[in-house]
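# Structural overview
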Amino acid sequence: MAFAVAVDIGGTFTDLVAYDHDTHRVVYSKSPTTYANFVDGIVDCFDKVKLDPARANFVNHGTTLVINALIQRKGAKAALVTTTGFRDVLEIARGNRPDPFDLHYRRDDPLIPRPLRFEVSERIGSEGEIVTPLDVTALTPLAATLKERGIEAVAIFFMNSYANPAHEEQAAAALRSLLPGVYITCSTEITREWYEYERTSTVAANAYVGPQVTTYIRRLQQDFASKGFTGALHMMGSNGGLLSVERSCRQPVSLVESGPIGGCIGAGAYAEALGLKNVIAFDMGGTTAKCALVEDGRFSVDSIYYAGGYVKGFPIKSSVINIVEVGSGGGSIAWLDPQNRLSVGPQSAGSTPGPACYGNGGAEPTVTDANLVLGRLNPERFLGGEMRLDIAAASAAVRRIAAPLGYAGADGTNRMADGIIALATVIMAGAIKTISIEHGRDPREFVLFCYGGGGPLHASALARELSIPTVIIPPEPGNFSAVGMLLADARLDVSKTFTGRLNDTTVASLKNVFAEMEQEAGALLARDFGADEVLFERFGEMRYVGQRHNIKVPLPDTADPAAIRSAFDRDYKRRYGHSDARANAEFQALHLSSFSRLRRPELKWLPRAQRGGDIPPQRRPVSFGAAGLLETTVYDRTALAPGFAGQGPALIEEYGSTTLIWPDDRFEVGALGELRIHCGRD
Amino acid sequence: MQDAVRAKSDAAELDPITLEVIRHGLVSITNQIDANIKRTAFSPYIYEYNDFAVGLVGPDGQLIAQCTGGMPPFVADSVGMAVRDGLSIYGKERLHHGDVLLCNHAAVQGQHLNNTVMYTPIYAGKDRATLIGFFAINVHWIEIGGIQTNSTDIFMEGLQLRSIKLWSKGEPIEEVYRIIENNTRMPNELMGDIAAQLAGCLLGRDLTADVADKYGVATFSGAVKRILDQSEAAARAFIRAMPDGDYRYDTWLDNDRSGSDEPVPIKVKVAVKGDELTVDFSEIAAQAKGSINSGYYGGGQTIARVAFKYLMGAGEMANEGTFRPIKLILPLGKLISADPTAPMFMYPTPFPTVIDAVIKALERALPARVPGGHFGTHSGVRFYGRRTDGSFFDTHDSGHGGWGACATHDGAGPFRTMAHGDTRIIPLELQEALMPFRLDEFSLREDSAGAGKFRGGLGFRKRYRILRACLLGTNLDRTKFPPWGVQGGKEARPGRFMLTKRGATTEQNVEKESAYRLEPGDVVCVETGGGGGYGPPAERALEAIQRDLDAGYITPAAAAQDYGVQIGSDGRVRRQS
């Protein structure tokens, strides 16, 4: 009983990382994702490295199941039960048009259509007082109707339930007993914050994915059990922490960003271990690039997420790591508009047909094709040689857009390929600037931490674009999401609407509210994870009186109004560039994050066994923008031991990723096996 | 002059990749500052209503790039107008690094005085010697004094600032701050917003200068020229694809908000010839008595450009080049080319209708793009008065209505008007916590959409039950001239505001109130208009009618009347033979 295991199911591959607590051995395994039954892919991963599931004491699991079900509309047949007069809240939404000049703009359809939205008589006032009691007798015929319609899940939302959840709880209890086997969820079980549309939308999404997630998790447990697994299954939550399976089944919306979160956790763990205060975690995959800020080993967590994007999607009130995503990945297509203006993405060649160089019929030039044309990818070693890349196809694709722009010949193709990368770099840099400027930070004060299949290839150029001096590439950048999941803590986020001006009375009641929340959260973590030590972080959503926009302020000292005020002013100023000593401050909500650390590997054990100097470096010509074609040293990463130092131009190849070192860069291998690149200045 | 020559020669050899990198860089700067302002502003006008726009303007005041989410009436060059006024007053020689200027003047912007542009010159190159442009942000200042709604000239509407320096060479001018702070009813909020606006201007300036310095001033200037030329070429190509012709549409506003009940003519002509499009407003109403006027640039030119931008789509940048092929015929002294002394507090009131009328005029030229008319009126409801503790409260609750049906799908909504953008409904739970009412209903308004092959979007119904005495003000239009259909689609139902006094059994109309006294137990029912239909109703698919019927978007009576269908005892619709 000595293995810790993390499993990340991605769009193309299922990744597994396992760590033996006794021998410190780390094994990596990869297998094609099996859409018919995801467990098959996982089991295949276990088999490939001859790992017995019976020896695992826990499995941390991240999945894109929830987001895929929401976006592809493959969830359950769900109904909404709501206050009389308010069934259209879900459809009217906030009435905004995020793309102001789109004359034909429309939002995605609501998850629950109008004929499946039912009203019951009840009303709670804004102070939590009962204006109209819940008509319990109406629930019996309603349940019969729901049954008749073949409803698999029911979402319950009542107006002002944030101030008094009694009616929602009553209705949920009644419907659970009337409709056994139907998934029942109510808004206040997920969040106690106000805003009717956001809460309705959240509970609707929860109902929509509830049955599927429950079935998936139960099946996973059974299949694992049949392989002799007796440990605990933990799900990767969007908040960056592990969730118990019970909680995941009750609140599947907390898994909405379960997939991409692992990398952020990993970045946080490395930042902490390497003593880096400010880190930008940057992940570049096949279709998108994502970035997040990690400060003092912690990533910032938002309490709202837009499934399907802000422009057309819907909100979910749930703690989600604050990630900015742009449509710029290896498969992103470079194209010309009718004025011959060049763009890269957001359209992607995906995995089928994929970039032109995959040879599966893709004809449009992609970022990966450009990299291949420039000599930055090894056609023989892509994915450890499992796939051979077609340079001729890549060049032909790039030439398609080179010619209209007047770039002729081989040199023109190179310049065009270089241009595609340059533009992709600017777009990715824009995402990083957005997330840092939004938080009032200067990216130059950060270290760029890059992973994902494409991250290490673009890291140095991106750092130059942002004037960031240092880049870190962790071991296993291509499996980094799974690595991060192995390092995750158990985490529980709870929040509550709490309004009042900042003064002695409010602070006194705030202390009590936090004490209650902590007791509850602590008990849950102890029950689900056997946690004996729980760490709490308290936050207040605060603003100046008169504002309607809150900031989330960490409250290390919840006893002293003056300390809270100065923490608020400081955070406000840091984020907004100014603060207002004259204005009163007030609370809108309280958030509590509770953590419990699980047994996890030390980072130094994570790199694959070093094969030492038995693989001699190769050389090949690589194109570096204005510097042209340079003879470049190509290292195998497994041959580079800690302490190794080198100079650009260089390529460092490994399974699933390639790191590009620019001519003026220096690099070294750190104690944890990480590559540290010191970017030269152009 | 020499600069111009150099820019020209550089533009010729500027490589297309550097050009794109600079273009993406500039657009992303305006969007970054947009995000920054939204998160730093004090007033909900900015972070909920998005009543602002961020723009980069060239050294001669030409609009180069803007944030993508800006408020439509600002996007047509409100920032460029202000910069050009500053240039005409100070000349380049009296502007310096670290200067920050303000302009809200009616003779320049021609909109209500709240709309205040702040801008700062951007210098780059060796010793920061070359003026490469201005970074500018137009923000709706929350309160700037004046009597506002009932004004009869602009001087009653608050403080006018005409190209005033707020900062000079990096130092704040405290006297100007003091003037502003002491001429507003809401100094805390306004000064907070100004701080956000200032921080955005300065950060935008520095980010832009970084781009220019990275590629060199000459390359940067050459790229800017090319960006404008390419936008112009895209706009001309779009116009060239329309059939030449003279197009027109006539409609009316209900009244001019001065107490008169006389409809206000909105007559619009559009001429397409080759790659040029002329918007002719010469038959539009004269300047109004009520405060619904706007100036030549802030009114007529803005409306023509906004309508064009809607037609062209969100993909193309809005800049000087995009608007070069648009010509305007607009005599002075009209509703949307009013004298700078005219009252303008409610200047956007005609905007949704006039913008939509320009779009409708092109129905024959762009049959696949022009949708049915949208509900087209601010549909505002205002509850105000004093709470039991004596404090003043005031809420402007907005009406969202249906948008027109398109060639490919039913109309959407409820959204706000074409003069709005990413403007969100104030959450009901928040309203109930702050205001002396409770809501009985908030739902889609059945049968409000115009029928058609594709039907319009629905308006909403919102019923306010008054809990404590307060005053009611309303602002509704298009009740006499409902949202139109296109290509044979039907018109939609207009909005309707009704009051049921406590205990009463009949309703009374409250569509034109400024201070109606409400008592506890009164119920105000606001119904907003729908959007017009697209194509003949007879062509609507039966399944679509069935779906609308099942969902309750239309009633059986309307289904029979609008679509001529019968409903069987099984609830299924069929065409009448």
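Residues numbered from 1 in each chain as written. Chains lettered and ligands numbered in written order. Predicted model: local features only at pLDDT ≥ 70, side-chain atom pairs only at ≥ 80, totals over all residues.

### Concerning the overall build of chain A
Counted only if it meets this: Helix numbering and strand numbering both begin at the N terminus, where a helix is a DSSP run of H or I of at least 4 residues and a strand a DSSP run of E of at least 2. Our radius of gyration is a C-alpha quantity, and the globule rule it is checked against amounts to 2.2 Å times the number of residues to the power 0.38. A residue is called partly exposed when the number of other C-beta atoms within 10 Å of its own lies between 12 and 20, exposed at 12 or fewer, and buried at 20 or more, with C-beta atoms placed from the backbone. Residue pairs are scored as contacts if the distance between their C-beta atoms, which are placed from the backbone, is within 7 Å.
Along the backbone of chain A there are 17 helices and 33 strands. On C-alpha atoms alone, chain A measures out to a radius of gyration of 26 Å, which is about the 26 Å that the 2.2 N^0.38 rule sets for 682 residues. For chain A, the spread of C-alpha atoms along the three principal axes comes to 80 × 65 × 55 Å. Per-residue burial for chain A yields a buried fraction of 55% across its 682 residues. By sequence separation, contacts in chain A at least 24 residues apart represent 67% of the contacts at least 6 residues apart.

### Considerations on the overall build of chain B
The helix and strand tally for chain B stands at 14 helices and 22 strands. Rg of the C-alpha trace for chain B: 25 Å, near the compact-globule value of 25 Å for 577 residues, within the 12% margin. In terms of overall dimensions, chain B has C-alpha extents of about 80 × 60 × 40 Å along its principal axes. Taken over 577 residues, chain B has a buried fraction of 59%. Pairs at least 24 residues apart make up 74% of the contacts formed inside chain B by residues separated by at least 6 positions.

### With respect to the interface of chain B and chain A
Quick reminder of the rule: Residues are grouped as follows: Ala, Val, Leu, Ile, Met, Phe, Trp, Tyr, Cys and Pro are nonpolar; Asp, Glu, Lys and Arg are charged; all remaining types, including Gly, are polar.
Between chain B and chain A, the residue contacts involve 61 residues of the former and 59 residues of the latter. The set of elements that each furnish at least two residues to the side of chain B that touches chain A consists of helix H2 (16-40), helix H3 (44-47), helix H7 (187-215), helix H8 (217-240), helix H9 (296-312), helix H12 (428-434), strand S14 (437-444) and helix H13 (542-551) of chain B. Tallying contributions element by element places H2(B) first for the side of chain B that touches chain A, with 12 residues. Residue classes in the side of chain B that touches chain A are distributed as 30 nonpolar, 17 polar and 14 charged.

### A word on the domain arrangement of chain A
Residue and element names in this part refer to chain A. Counted only if it meets this: For the domain bounds, the source is a domain assignment made automatically or taken from a database.
The domain boundaries assigned to chain A delineate domain 1 (3-67 + 233-250), domain 2 (71-214), domain 3 (261-323 + 427-486), domain 4 (332-423), domain 5 (490-596) and domain 6 (606-678). A separation of 33 Å is found between the C-alpha centroids of domain 1 and domain 2. In this assembly, 6 residues from domain 1 lie in contact with 5 residues from domain 2. Those elements giving two or more residues to the side of domain 1 that touches domain 2 turn out to be helix H2 (65-71) and helix H8 (245-250). Along the lines of polarity and charge, the residues of the side of domain 1 that touches domain 2 split into 4 nonpolar, 1 polar and 1 charged.

### Some remarks on the pairing of strand S9 (residues 264-273) of chain B
Residues and elements named next belong to chain B. To keep it simple, the criterion reads: Pairing between two strands requires that DSSP report at least two bridges joining them.
Only one face of S9 is covered, namely the one carrying Val264, Ile266, Val268, Val270 and Val272; the face carrying Pro265, Lys267, Lys269, Ala271 and Lys273 has none of its residues buried. Bridge count between strand S8 (residues 245-253) and S9: 9 bridges; the pairing is antiparallel. Along S9, the bridge assignment pairs Arg248 with Lys269. In this structure, S9 lies alongside strand S10 (residues 276-280), joined through 5 bridges in antiparallel fashion. Bridge pairing in S10 places Val270 opposite Val279. Counting the residues that bridge the hairpin from S9 to S10 gives 2 residues, and of these Gly274 lies at a positive phi of roughly 60 degrees.

### Some thoughts on the packing of H2(B) against H7(B)
All names here are of chain B. Where we set the bar: Note on method: axes are straight lines fitted to C-alpha atoms, helices fitted across the in-contact stretch only, with angles between N-to-C directions ranging 0 to 180 degrees. Any angle between 65 and 115 degrees counts as roughly perpendicular, while under 35 counts as roughly parallel, over 145 as roughly antiparallel, and the rest as oblique. Each crossing is labelled by how the near helix is turned from the far one, with a counterclockwise turn of less than a right angle marking it left-handed and a clockwise turn marking it right-handed.
In the contact formed by H2 and H7, the axes pass within 9 Å of each other and the chain directions differ by 165 degrees. Looking at the two axes, H2 sits roughly antiparallel to H7. H2 and H7 meet at a crossing whose hand is right-handed. Note on element contacts: H7 touches H2 through Ala196, Gln197, Ala199, Gly200, Leu203, Gly204, Leu207, Thr208, Val211 and Tyr215, opposite Thr18, Ile22, Gly25, Leu26, Ile29, Ile33, Asn36, Ile37 and Thr40.

### As for the sheet that holds strand S6 (residues 164-168) of chain B
Residues and elements named next belong to chain B. Taken in spatial order, the 7 strands line up as S2-S1-S5-S4-S3-S6-S7 in an open sheet, and their pairing is antiparallel. Strand pairing shows two members of the sheet lacking a second neighbour, strand S2 (63-66) and strand S7 (171-172), which therefore form its edges. Here strand S3 (residues 100-103) pairs with S6 via 3 bridges, running antiparallel. Within S6, the residue paired with Leu101 across the bridge is Lys165. On the sheet, helix H5 (residues 78-90) packs against strand S1 (52-57), S2, S3, strand S4 (115-124) and strand S5 (130-140) and is oriented at approximately 65 degrees with respect to S4.

### A closer look at helix H5 (residues 166-178) of chain A
All names here are of chain A. Going by this rule: For a helix, the expected span equals 1.5 Å multiplied by the residue count minus one. Along the arc lie the directions from the helix axis toward the C-beta atoms.
The end-to-end C-alpha separation of H5 is 18 Å, in line with the 18 Å expected for 13 residues at 1.5 Å each. All buried positions along H5 are accounted for by His167, Glu168, Ala171, Ala172 and Leu175. With its buried residues spanning 130 degrees around the axis, H5 presents them on a single face. Tucked into the core, H5 has its buried residues touching strand S5 (78-83), strand S7 (123-124), helix H4 (139-148), strand S9 (153-157), strand S10 (183-186) and helix H6 (187-190).

### As for the domain arrangement of chain B
Accessible area lost upon the coming together of the parts serves often as the stated size of an interface. Residue and element names in this part refer to chain B. Parsing chain B into structural domains produces domain 1 (2-235), domain 2 (371-533) and domain 3 (541-577). In this structure, domain 1 and domain 2 have C-alpha centres spaced 35 Å apart. With 7 residues of domain 1 at the interface, the matching set in domain 2 holds 7 residues. Looking at the side of domain 1 that touches domain 2 residue by residue, the classes come out as 4 nonpolar, 2 polar and 1 charged.

### Thoughts on the environment of Phe345(B)
All names here are of chain B. Within the secondary structure, Phe345 is located in the loop between strand S11 (326-329) and helix H11 (351-361). Looking at Phe345, the number of C-beta atoms within 10 Å reads 24, which means it is buried. Between the C-alpha atom of Phe345 and that of Asp51, which follows or precedes it by 294 residues, the distance is 15 Å.

### Considerations on the environment of Ala289(A)
Residues and elements named next belong to chain A. Here Ala289 shows up in strand S14 (residues 289-295). Put simply, Ala289 and Val326 are 37 residues apart on the chain and 5.5 Å apart in space, counted from C-alpha to C-alpha. In contact with Ala289, not counting residues within four places along its chain, are Phe282, Asp283, Met284, Val326, Ser328, Gly329, Met428 and Ala431.

### Here we look at unusual backbone geometry
Residue and element names in this part refer to chain A. With an omega dihedral of -5 degrees, the bond running from Gly345 to Pro346 counts as a cis peptide bond. Mapping Pro346 onto the fold places it in strand S20 (residues 342-348). Its identity as a non-glycine residue notwithstanding, Ser467 has a phi of 55 degrees, on the positive side. You can see Ser467 is positioned in the loop between helix H14 (455-465) and strand S22 (470-473). The class of Ser467 is partly exposed, set by 13 C-beta atoms lying within 10 Å.

### Some thoughts on the sheet that holds S10(B)
Residue and element names in this part refer to chain B. What the 4 strands build is an open sheet, ordered S8-S9-S10-S11; its pairing is mixed. Of all the strands in the sheet, just S8 and S11 have a single pairing partner and so form its edges. Neighbour to neighbour, the strand axes of the sheet diverge by 20 degrees on average, direction disregarded.

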